[in-house]
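# Reading the structure
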Amino acid sequence: MKKRDDSPSLFPDEPSPKSSGPVECLGLTFPDDNARREHFLNILRERLKDPEFRKIEGFPIGLDEDILALSDPPYYTACPNPFIADFIKLHGKPYDPSTPYSANRSPQM
């Protein structure tokens, strides 16, 4: 089936900006979402150079640029996410054995 010339692409070459104002992410503030994405992509790019990082179970076989293209760090990555510890440190809470597990769950439908 041939694609119509006037139909929009499902996979644009450039990601569209998500916001035009300041963005806070993992305790850091960026001028916009593109600056946030570029900052975390650079960190991920450096991590991909570490052979120990690539030994993590489930690490994909692929080129660095493909992994980076499929990632929007720190939110998601196409490899084990190296930003999880930062997220937990910022948003996690210690386990409290006195709080019943069911109290932390949303009501069932």
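All values reported here derive from a predicted model rather than from experimental measurement.

### Overview of the overall build of the protein
- For the protein, the count of helices and strands is three helices and two strands.
- The secondary structure elements of the protein, listed N-terminal to C-terminal, are β-β-α-α-α.
- For the protein, the residues scored as buried account for 21% of the 109 residues in total.
- The long-range share in the protein, meaning contacts at least 24 apart out of those at least 6 apart in sequence, stands at 38%.
- Here the protein has roughly 9,000 Å² of accessible surface; of this, 58% comes from carbon and sulfur atoms.

### A closer look at the nonpolar core
- One finds Leu41, Leu44, Leu48, Phe53, Phe59, Ile67, Leu68 and Cys79 forming the largest nonpolar core, which totals eight residues.
- Those elements that place two or more of their residues in this core are α1 (33–47) and α2 (64–69).
- Leave out the neighbours within four places in its chain, and leucine 68 touches Arg37, Leu41, Leu44, Arg45 and Leu48.

### Notes on the side chain of arginine 36
- Counting through the fold element by element, arginine 36 comes out in helix α1.
- Of the residues examined, arginine 36 reaches a relative accessible area of 0% and is grouped as buried.
- Only 2.6 Å separates the side chain of arginine 36 from the backbone oxygen of proline 73, close enough to count as a polar contact.

### Re the environment of phenylalanine 30
- Its place among the elements puts phenylalanine 30 in strand β2 (residues 28–30).
- Phenylalanine 30 has contacts with Gly21, Pro22, Val23, Cys25, Ala35, Arg36, His39 and Phe40, leaving out every residue within four places of it along the chain.

### So, unusual backbone geometry
- That bond from proline 73 to proline 74 is cis: its omega, 5 degrees, falls within 30 degrees of zero.
- Look at leucine 26: it is not a glycine, yet its phi comes out positive at around 50 degrees.
- Counting through the fold element by element, leucine 26 comes out in the loop between β1 (23–25) and β2.

Quick notes on the rules
- Residues numbered from 1 in each chain as written.
- Predicted model: local features only at pLDDT ≥ 70, side-chain atom pairs only at ≥ 80, totals over all residues.
- Heavy atoms only, no water.
- Helix = DSSP H or I, 4+ residues; strand = E, 2+ residues; numbered from the N terminus.
- Buried < 20%, exposed > 50% of the residue type's maximum accessible area, 1.4 Å probe, protein only.
- Contact = heavy atoms within 4.5 Å.
- Areas by Shrake-Rupley, 256 points an atom, 1.4 Å probe, with all protein chains shown as cover.
- Core = buried A, V, L, I, M, F, W, Y, C linked by side-chain atoms within 4.5 Å.
- Polar contact = N/O pair within 3.5 Å; in protein donor to acceptor, adjacent residues only side chain to side chain.

Purely geometric stuff here, so don't read any function into it on its own.
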